[in-house]
Amino acid sequence: MNVRIVLVLLQVWSGVLVSGLAAARDGLPSRPNILFIYADDHSPKTVSCYEGAYAMAHTPNIDRLAASGVRFRAAYLGSWCMPSRASLLTGVHPHSIESMRMTGSNPRSAYDPEQSPFWPAVFRQHGYQTAQIGKWHTGTDSGWGRDWDYQRVWNRPDNPDNAGRYYGPQVIDFNGQRRMVDGYATDNYTDWACDYIRGEGRDPDRPWYLWLCYGAIHTPTTPADRHQGLLKEQTAELPPGIFGPRPGKPSYLQKTQVWEPTDDGGAVFRRGKLTHTAWMQQVHECLMAVDEGVGRLLETLRETGQLENTLVVYSSDQGYANGEHGMRQKVAPYEATYSSPFIVSMPGSLPAGKFCRHTVNAPDVIVTFFSLAGLELPWKMHGRDFTPLLLDPDNAPWERPTLYTHVGQDYGSNVTRAIAAEKEAVHANVPYYAALRHEDIKYVRYLTGSESEELYDLKADPDELTNLARDPRYRDSLEKYRALWLHEMQMADAAYLEHLPPLPEPEKMHLFLLVGQSNMAGRGELEAQDRIPHPRVFMLDKDGQWRPAVDPLHFDKRVAGVGLGKTFGQVVAEALPEVTVGLIPCAVGGSPIDAWKPGEFYPPTQSHPWDDAIRRASIALKSGEWKGILWHQGESDSNSELAPAYQAKLDDLVQRFRDELAVPDVPFIVGQLGQFAQRPWNEFKRQVDRAHRELPQRVPHTAVVGSEGLQHQGDQVHFDAESYRELGRRYADAYLKLIGR
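Reading the values: rules and limits
- Residues numbered from 1 in each chain as written.
- Predicted model: local features only at pLDDT ≥ 70, side-chain atom pairs only at ≥ 80, totals over all residues.
- Heavy atoms only, no water.
- Helix = DSSP H or I, 4+ residues; strand = E, 2+ residues; numbered from the N terminus.
- Buried < 20%, exposed > 50% of the residue type's maximum accessible area, 1.4 Å probe, protein only.
- Contact = heavy atoms within 4.5 Å.
- Areas by Shrake-Rupley, 256 points an atom, 1.4 Å probe, with all protein chains shown as cover.
- Core = buried A, V, L, I, M, F, W, Y, C linked by side-chain atoms within 4.5 Å.
- Pairing = 2+ DSSP bridges.
- Axes fitted to C-alpha atoms, helices over the stretch in contact; angles between N-to-C directions.
- Phe/Tyr/Trp six-rings, centres within 6.5 Å; stacked < 30°, edge-to-face > 60°.
- Disulfide = S-S within 2.5 Å.
- Salt bridge = Lys/Arg side-chain N within 4 Å of Asp/Glu carboxyl O.
- Patch = residues over 30% accessible without salt bridge, like charges linked within 9 Å, V, L, I, M, F, W, Y side chains within 5 Å.
- Lys, Arg positive; Asp, Glu negative; His and termini not counted.
- Charge placed at Lys NZ, Arg CZ, Asp CG, Glu CD.
- Left-handed = near helix turned anticlockwise from the far one by under 90°.
- Nonpolar A, V, L, I, M, F, W, Y, C, P; charged D, E, K, R; others polar.
- Expected span 1.5 Å × (residues − 1).

Help me understand the overall build of the chain, please; the structure alone is not making it clear to me.
Regarding its fold elements, the chain presents 18 helices and 28 strands. For the chain, the spread of C-alpha atoms along the principal axes amounts to about 105 × 55 × 50 Å. When each of the 741 residues of the chain is scored for burial, the buried share is 60%. Counting contacts in the chain only where the partners sit at least 6 residues apart, residues at least 24 apart contribute 70% of the total. Summed over all atoms, the accessible surface of the chain reaches about 28400 Å², with 48% contributed by carbon and sulfur.

Quick look at the structure:
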């Protein structure tokens, strides 16, 4: 799609949203209370009401909240703890938060409140009472008396020695007064929040905003005593892709791989040998106290008559992979590692039990809070007001993509310095990136130039196993999402855009022509493995469209089956990880070498083998460049009439292909005829074989592949399926040797 068209459409969509926003607010409380329940380190898959949730997920109270409101597909709030909170305190992406920085021992950090003001202070100025309870992870200055009227916070940056005590005992700041508190932290936070809702430290005549920040289920992921062992009888299914390989995906995934296979088909975490099932039990047992807390909070709102006048939001700071992509961490751009559950409820004002297919980010959340409170934005924020989605999640117009970023421990102008290569732009082994999701498509661009782009169709591939960025069928989509990405980055004031390294030039598809007769076309019996495509191996189908390469590649006869081409493509793709392979199947069963001339008609298949191959080659050439020609033929010429002339015809064929395709040195690889004990060669097969074997001596850049040890499928002519796969490997080895790999 043309970039200019994309930008015009975005302007049109903006007008539609703005014109309908005032009407959309009708019927909402003018100054609702806002309770933002904010857990730690868990993706939507840990919440049982979400599609695709883990089998162990059991969150009845969070599910009840969803049943009373709107459950969004996901939120993208930040790549790790601190930037997520920083965006939720400022309404902008981290690259626009000046002065914030890490200082001293982790997690010590600082910021200048003059350069980086937090918006709760604005709510205070306009009559709201603001409160924060639980984990504080954004600078040693927690803002009590400036941003917050009421605080009971575990200030991790100001207490590095206590920063690992996620579940207690904890050093807690009570409105600026510090003391040690025992007990299970998750329960403590819930108790304090319920007390606040009931009126402790609160002006009953003022609306309130409470940000309740649980530390669970952050490591060490310690369940409450009452929940310990409740899931000990349950087992966890390993996520797809936990061990790889991951062709087409970033190379850094080799560094973030932390799971190892076990002999019984399971997995262990390599650092402590904790099994995957034991880890998943621990995760879900730890989340139980958070879920109980949500239930208690809702009941307290109901008891105090505030439920219908309180916007309740549930989310987490980011996701956390539990084996997905081989990880046990956050930070990376994938759904498991980044996306959060996002549920919004206000009974009587918002619809109940609705699912919103759209996604939002941290700035969107804050802009929407301001909108619902009836307040003007105090500075430019990077979000959009999604109130229309809350009121009509099924039908509200919303064509906005969701931008989210990862810039490690850098903020503001330090991000620009990192992208300009003044410092390393990697955090938790993941290079800095900016990503975008719109509907079911995700686009990821790494900001260092160290990794290729990523493009995923999340509807077809929810586990994000297949990177489509080099799939020729998605070239228009790739261009469209590059344009959307650039527009969103500009709207988000990404000053580092001018320092981005250029995108690596997309390497053209490596094209291979598959020609000859039936043993090139393939007649092997299909098995399940033959229908599994490689993400970087494609075939040109009979309609001239690129499709993932699966057997049968050929369509010359109805009996076409497993051949050598698919395996050849896979081996080449694995050996050349930056290459996308395009196979052009053109073989015709039974065809003699004389049928492979311009204008020749082959009656058994009602086809013109040469002309059809050249026509298909011209279609393929629009997508790539020629890298090889694979030929397997000769059975039909192994007779007294044709064998004597075969060598001259073969040499002529090689030259004609090279001339026609305008690639004078393109590798040309031939395969030996089947050597089957039940059908010994006669002198004419030996004559054809000699023409094949001696080809490299006569014609440069050619190779011959032997058929020793290969078996026939029972007809003493065609190889069986496993022999075709082995023959494909031999062709690939010969090709790689020809090109010096």
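Where do I start with the nonpolar core in this structure?
One recurring pattern in soluble globular proteins: nonpolar side chains tend to sit buried together. Residues Phe72, Phe123, Trp211, Val365 and Phe369 are the most contacted members of the largest nonpolar core, which totals 72 residues. Per-element accounting of this core gives the leading share, eight residues, to helix α8 (residues 362-373). Aside from chain neighbours lying at most four places away, what touches valine 365 is Phe36, Leu77, Leu88, Phe342, Val360 and Phe386. Counting residues in each nonpolar core, the second largest holds 58 residues, with Ile172, Ile197, Ala216 and Leu297 among its members.

Looking at this structure, how should I read the sheet that holds strand β28 (residues 702-705)?
Two modes of strand pairing occur in sheets, parallel and antiparallel, and in both the strands are linked by backbone hydrogen bonds. Pairing within the open sheet is mixed, and its seven strands lie in the order β24-β23-β25-β22-β26-β27-β28. Each edge of the sheet is formed by a strand with only one pairing partner; in this case those strands are β24 (546-548) and β28. The mean angle between the axes of side-by-side strands here comes to 25°, regardless of whether they run parallel or antiparallel. In the sheet, strand β26 (residues 624-632) pairs with strand β27 (residues 668-671) via three bridges, with the strands oriented parallel. The residue of β27 that forms the bridge with leucine 630 is isoleucine 669. Lying on the sheet, helix α13 (residues 565-575) is in contact with β22 (509-516), β23 (537-540), β25 (581-585) and β26; it crosses β25 at an angle near 165°. Here helix α18 (residues 721-738) sits on the sheet in contact with β22, β26, β27 and β28, set at roughly 155° to β28.

Mind showing me how you'd approach the packing of aromatic side chains here?
Pairs of aromatic rings are described using the distance from one ring centre to the other and the angle between the two planes. Counted by the stated rule, this structure contains 42 aromatic pairs. Between the aromatic rings of tryptophan 148 and tyrosine 209, the centroid separation amounts to 6.4 Å while the plane-to-plane angle is 20°, which identifies the pairing as stacked. Pair noted here: tryptophan 148 is in the loop between β5 (129-136) and β6 (150-155) and tyrosine 209 is in strand β9 (residues 208-213), with a separation of 61 residues, a long-range link. Relative accessible area serves as the criterion here: at 1%, tyrosine 209 is assigned to the buried category. A network of ring pairs unites the aromatic residues Phe36, Tyr38, Trp119, Phe123, Tyr128, Trp148, Tyr209, Trp211, Phe369 and Phe370 as a single cluster.

Is there a simple way to think about the sheet that holds β6 in this case?
Ordered in space as β8-β7-β6-β5-β9-β1-β13-β14-β2-β15, the 10 strands form an open sheet in which the pairing is mixed. Two strands in the sheet have a free side with no partner beyond their single neighbour: β8 (177-181) and β15 (354-361). Put simply, the sheet's adjacent strands are angled 20° from each other on average, direction ignored. Strands β1 (33-39), β9 and β13 (310-316) of the sheet are contacted by helix α6 (residues 276-303), whose axis makes an angle of about 175° with β13.

Please explain the state of the cysteines as it appears in this structure.
Note on terminology: a disulfide is the covalent bond linking the sulfur atoms of two cysteines. Scanning the entire structure with this criterion turns up zero disulfides. Cysteine cysteine 49 is unpaired, with the sulfur of cysteine 356 as its nearest cysteine sulfur at 14 Å. The exposure class assigned to cysteine 356 is buried, which follows from its relative accessible area of 0%.

Got a minute to help me understand the pattern of salt bridges in this structure?
A pair can form between side chains of opposite charge whenever their charged atoms are brought close. Overall, the coordinates contain 46 salt bridges when judged by the stated rule. Where arginine 473 meets aspartate 471, a salt bridge forms, and the shortest distance between an N and an O atom there is 2.7 Å. Given a relative accessible area of 37%, arginine 473 falls into the partly exposed group. Put simply, Glu527, Asp530, Glu722, Arg725, Glu726, Arg729 and Arg730 are held in one network by salt bridges that share partners.

Honestly, unusual backbone geometry in this entry has me stumped. Any pointers?
In this structure, proline 169 follows glycine 168 across a cis peptide bond, with omega equal to -10°. As for its placement among the helices and strands, proline 169 is situated in the loop between β6 and β7 (170-174). That bond from threonine 219 to proline 220 is cis: its omega, 20°, falls within 30 degrees of zero. Along the chain, proline 220 turns up in the loop between β9 and β10 (259-261). Of note, the phi angle at asparagine 175 is positive, near 50°, even though the residue is not glycine.

Got a minute to help me understand the side chain of arginine 328 in this structure?
Looking at the element boundaries, arginine 328 is found in the loop between β13 and α7 (335-338). Those residues in contact with arginine 328 that sit more than four places away from it in its chain are Thr219, Val258, Trp259, Phe269, Leu274, Trp279, Tyr320 and Ala321.

How should I be thinking about a negative patch on the surface in this particular structure?
Taken together, the side chains of Glu600, Asp611, Asp659 and Glu660 make up a negatively charged region of the molecular surface. Positionally, glutamate 600 belongs in the loop between β25 and α14 (609-620). Given a relative accessible area of 35%, glutamate 600 falls into the partly exposed group.

I tried to follow the packing of α14 against helix α15 (residues 646-661) on my own but got confused; where do I start?
Helix packing geometry: the angle between the two helix axes and the distance between the axes. With their axes 11 Å apart at the nearest point, α14 and α15 run at an angle of 35° to one another. Seen from above, α14 lies across α15 with right-handed handedness. Contacts from Trp610, Ile614 and Ala617 of α14 reach α15 at Leu653, Arg656, Phe657, Glu660 and Leu661. Looking at the contact of α14 with α15, its residues break down into six nonpolar, no polar and two charged.

How should α18 be read in this particular structure?
Residue pairs spaced three or four apart in an α-helix point in one direction, given the helix's 3.6 residues per turn. Between its first and last C-alpha atoms α18 spans 26 Å; for 18 residues at 1.5 Å apiece the expected length is 26 Å, and the two agree. Every buried residue of α18 is listed here: Ala721, Ser723, Tyr724, Arg725, Leu727, Gly728, Tyr731, Ala732, Ala734, Tyr735 and Leu736. Among the structural elements, β22, α12 (518-521), α13, β26, β27 and β28 are those in contact with the buried residues of α18. Of the residues trailing α18, glycine 740 is marked for its positive phi of about 80°.

Would you explain helix α11 (residues 475-491) in this entry?
Taking 1.5 Å per residue, 17 residues should reach 24 Å; α11 reaches 25 Å between its end C-alpha atoms and fits that length. Looking only at α11, the buried set comprises Leu478, Tyr481, Ala483, Leu484, Trp485, His487, Glu488 and Met489. Looking one or two residues past α11, aspartate 493 carries a phi angle of roughly 55°, positive in sign.

Please clarify how the environment of leucine 650 should be interpreted in this entry.
One can find leucine 650 in helix α15. Using a relative accessible area of 0% as the deciding quantity, one classes leucine 650 as buried. Through-space distance from the C-alpha of leucine 650 to that of glutamate 708 is 22 Å; in sequence the pair is 58 residues apart. Aside from chain neighbours lying at most four places away, what touches leucine 650 is Ile593, Trp631, Ala691, His692, Leu695 and Arg698.

Sorry if this is basic, but what is going on with the environment of tyrosine 38 here?
On the secondary structure map, tyrosine 38 appears in strand β1. Here tyrosine 38 falls in the buried class, since its relative accessible area comes to 0%. As a C-alpha pair, tyrosine 38 and serine 316 span 278 residues in sequence and 5.0 Å in three-dimensional space. Here tyrosine 38 is in contact with Leu77, Ser84, Arg85, Leu88, Trp211, Leu212, Cys213, Tyr214, Ser315, Ser316 and Asp317, once residues within four sequence places are set aside.

Looking at this structure, how should I read the pairing of strand β14 (residues 340-345)?
The element β14 is extensively covered by neighbouring structure, given that six of its six residues are classed as buried. Of the two faces of β14, both are covered, the one formed by Ser340, Phe342 and Val344 as well as the one formed by Pro341, Ile343 and Ser345. When β13 meets β14, the two strands line up antiparallel, connected through four bridges. Bridged to valine 312 within β14 is serine 345.

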